[in-house]
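Survey of secondary and tertiary structure
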Amino acid sequence: MPLMYGAQSEGRRDDETMRRFRHDRFGQFIHWGLYSIPAGSWNGVTYDYAAEFLPQSAGIGPARWAGLVDDFAAPEFDPEAWASLAADLGARYVTVTAKHHDGFCLWPSSLTDFTVAATPRGRDVIGELVHAYTARGIAVHLYYSVLDWHHPDWRYAISSSQDEEAFDRYLSYAGEQLRELATRYPNVRGFWFDGTWDESVKANGRWSWEIECMLKRLIPGAIVNSRLRADEHGARHRDSNGALMGDYFSGFERRLPDPWDRTVTAEDWEACVTIPQNSWGYHAGAEVARTHKHPLELLEQLVQAVSLGGNLLLNFGPRGDGSFAPFEKDVVHTLGAWLETNGACIYGCGPADGWDYPGWGYYTADAETGAVYAVVTRIPVSGAIALQLPERTRVRNATAVATGRPVPFAVRDDRTVRFEVDRASVIPLAFALEVEQRDDTAEQPEV
Ligand SMILES: C[C@@H]1N[C@@H](c2cn(-c3ccccc3)nn2)[C@H](O)[C@@H]1O
């Protein structure tokens, strides 16, 4: 069907900025704001829901919530230390909450007083972070919530002409804030939109189309996630013709596609995940209750995402003072150390065509060289794994990615080889496979 405000382009973007985003594969999400101060508790009551939802969980009105501005002193906020942590993690880009659902702006926006400018130290958090990350060669994407609990003209739905006039004012405000962000921070690489599921936003597909156009006009090559977009019929992420809007699919939140679901390899996509079960902002309870995921669970999610042609955006929620909790530093050290020696099977990689999900781990392939990697994340008690080969494929040799040492394997039949793996390993084992195509015509038996 003809659309005015559907997908702005067909197929994958193949420009340098998008190729870099695809090559990066691994990003760090940062959720930091006023919600990081109460960290899930209010007036002595702890709410088990996501810490950044505390205003809703505890019924705190915008005026009382705004009282936290005076407490946002962030004595431990050190942008260079944050950038070093991202580098240590092995993240190639960072997505930072410029404005979350509570409407508080981590940059001194001229459009509202509800910003860091009103805090005791008045630091331009976004500006300092963009500088620090960029100086470390880490690309920056800015998270912006269209949903805004603080702004008086926000509406969940439009049920009167007054609602429509108010929400139009809100969309103008949000549009000017986004213009301001793209103008103040022109070297950010992308924008990550959230809070766009309500009827009011879905009814304004043209606005979302105009925002995408504006951002890409102000920052040529800017990358925008599909979650911003609706078309004129209210279809989100993919327009009414099924074409992906924005530059990559961003519907995987706290979930990944099934490991065998090769359909997702048709598009660029990114999954965002948390370390605790369900809090994006720092939740003091998560630190105590040990409900957060083991670092190696998160590493497996990264390998799984890459095996299916996606990126993983792993969330960290700094504490209200600007420091990181020990359980998050553990994740940094575990994933960073593994990527230091095994990153070849992640960065610049994607799906290995013809290599089906094996169960014991994932196959990835270098998008440029075609080199195939077998990453064992579930080491079998037998100490042996079988690789089912694509048709007419032979493994010439195999090396351990971490050490470069050759790895012995046995050819079981013309479609299967068998590897011995170190049953004592407590981290995933990555193997680089040198494969070649077999010319079976000469060997084809008469039937
Ligand atoms: C990226 C993540 N998206 C935000 C979010 C998630 N949700 C939500 C709300 C109801 C059900 C499921 C998810 N609402 N807002 C989270 O606060 C975080 O920013």
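The rules behind each value
Residues numbered from 1 in each chain as written. Predicted model: local features only at pLDDT ≥ 70, side-chain atom pairs only at ≥ 80, totals over all residues. Heavy atoms only, no water. Phe/Tyr/Trp six-rings, centres within 6.5 Å; stacked < 30°, edge-to-face > 60°. Buried < 20%, exposed > 50% of the residue type's maximum accessible area, 1.4 Å probe, protein only. Lys NZ or Arg CZ within 6 Å of the ring centre and 35° of its normal. Helix = DSSP H or I, 4+ residues; strand = E, 2+ residues; numbered from the N terminus. Contact = heavy atoms within 4.5 Å. Near = heavy atom within 4 Å. Polar contact = N/O pair within 3.5 Å; in protein donor to acceptor, adjacent residues only side chain to side chain. Areas by Shrake-Rupley, 256 points an atom, 1.4 Å probe, with all protein chains shown as cover. Nonpolar A, V, L, I, M, F, W, Y, C, P; charged D, E, K, R; others polar. Pairing = 2+ DSSP bridges. Axes fitted to C-alpha atoms, helices over the stretch in contact; angles between N-to-C directions. Arc of directions from axis to C-beta. Salt bridge = Lys/Arg side-chain N within 4 Å of Asp/Glu carboxyl O. Domains from an automatic or database assignment. Buried area = accessible area lost by both parts, 1.4 Å probe.

**Looking at the packing of aromatic side chains**
- Counted by the stated rule, this structure contains 31 aromatic pairs.
- On the numbers, 5.7 Å between centres and 40 degrees between planes, the contact of tyrosine 357 with tyrosine 362 is tilted.
- Judged by relative accessible area, which is 27%, tyrosine 357 ranks as partly exposed.
- Look at tryptophan 360 and tyrosine 363: their rings are 5.4 Å apart centre to centre, the planes differ by 80 degrees, and that puts the pair in the edge-to-face class. Judged on exposure class, the residue tryptophan 360 and its partner tyrosine 363 are both buried.
- A network of ring pairs unites the aromatic residues Trp32, Phe72, Phe77, Trp82, Phe104, Phe114 and Phe324 as a single cluster.
- Above the ring of tyrosine 347, the side-chain terminus of arginine 92 is found at 3.5 Å from the ring centroid.

**Digging into the environment of tyrosine 362**
- Relative to the assigned elements, tyrosine 362 resides in strand E12 (residues 361–366).
- Take tyrosine 362: its relative accessible area is 2%, and that puts it in the buried class.
- Distance from tyrosine 362 to arginine 378, taken between C-alpha atoms, is 9.8 Å for residues 16 residues apart in sequence.
- Contacts of tyrosine 362, omitting those with residues within four sequence positions, involve Pro259, Glu300, Val303, Gln304, Ser307, Tyr357, Tyr373, Ala374, Val375, Thr377 and Arg378.

**Examining the site of the ligand**
- Taken together, the neighbourhood of the ligand is formed by Phe29, His31, Glu52, Phe53, His100, His101, Tyr143, Trp192, Asp194, Trp197, Glu253 and Trp280.
- At a separation of 2.7 Å, an oxygen atom of the ligand approaches a polar side-chain atom of histidine 31.
- One of the side-chain N or O atoms of histidine 100 is found 2.8 Å from an oxygen atom in the ligand.
- Relative to its free-state accessible area of 440 Å², the ligand is covered by the protein chains to the extent of 71%.
- When its residues are assigned to classes, the shell around the ligand shows six nonpolar, three polar and three charged.

**As for the sheet that holds strand E13 (residues 372–376)**
- The strand order across the open sheet formed by five strands is E11-E12-E13-E18-E15, and the pairing between neighbours is antiparallel. Both outer strands of the open sheet, strand E11 (349–351) and strand E15 (393–400), are each paired with one neighbouring strand and no more. Mean inter-strand twist for the sheet, computed between neighbouring axes without regard to direction, equals 35 degrees.
- Here seven bridges tie E15 to strand E18 (residues 429–437), and the two strands are oriented antiparallel to one another. Within E18, the residue paired with alanine 398 across the bridge is leucine 433.
- Strands E11, E12 and E13 of the sheet are contacted by helix H10 (residues 295–307), whose axis makes an angle of about 50 degrees with E12.

**Focus on helix H4 (residues 79–89)**
- Three or more residues of H4 are buried, namely Pro79, Trp82, Ala83, Leu85, Ala86 and Leu89. Viewed along the axis of H4, the buried residues span an arc of 155 degrees, placing them on a single side of the element.
- The N-terminus of H4 is capped by aspartate 78, whose side-chain oxygen sits 3.1 Å from the backbone nitrogen of glutamate 80.
- Positive backbone phi, approximately 95 degrees, marks glycine 90, located one or two places after H4.

**Looking at the pattern of salt bridges**
- Under the counting rule described, the total for this entry stands at 29 salt bridges.
- Put simply, aspartate 268 and arginine 22 hold a salt bridge, and the shortest N to O gap is 2.7 Å. With aspartate 268 in the loop between strand E8 (249–253) and strand E9 (269–273) and arginine 22 in helix H1 (residues 16–24), this pair connects stretches of sequence that are 246 residues apart.
- Ionic pairing is found between glutamate 212 and arginine 229, a salt bridge with its closest N-O pair at 2.7 Å.

**As for the side chain of glutamate 267**
- Following the sequence through the fold, glutamate 267 ends up in the loop between E8 and E9.
- Discounting residues that sit within four places of it in the chain, glutamate 267 has contacts with Arg12, Arg238, Leu244, Phe249 and Gly309.

**Concerning the domain arrangement of the protein chain**
- Here the protein chain is described as being made up of domain 1 (16–345) and domain 2 (361–443).
- Summarising the inter-unit geometry, the C-alpha centres of domain 1 and domain 2 are found 37 Å apart.
- Between domain 1 and domain 2, the contact holds 13 residues from the first and 13 residues from the second.
- Each partner contributes to the roughly 1200 Å² buried at the junction of domain 1 and domain 2, and carbon and sulfur atoms together form 66% of this total.
- Three residues, Glu300, Trp338 and Cys345, lead the burial of domain 1 against domain 2; their summed loss comes to 40% of the area buried on that side.
- Residues glutamate 300 and arginine 378 are paired through a salt bridge, measuring 2.8 Å at the closest nitrogen-oxygen approach.
- Applying the counting criterion to the domain 1 and domain 2 interface returns six residue pairs in polar contact (both at pLDDT 80 or more).
- Breaking the side of domain 1 that touches domain 2 down by element, the ones donating at least two residues are H10 and helix H11 (326–342).
- Of the residues in the side of domain 1 that touches domain 2, the class split is eight nonpolar, four polar and one charged.

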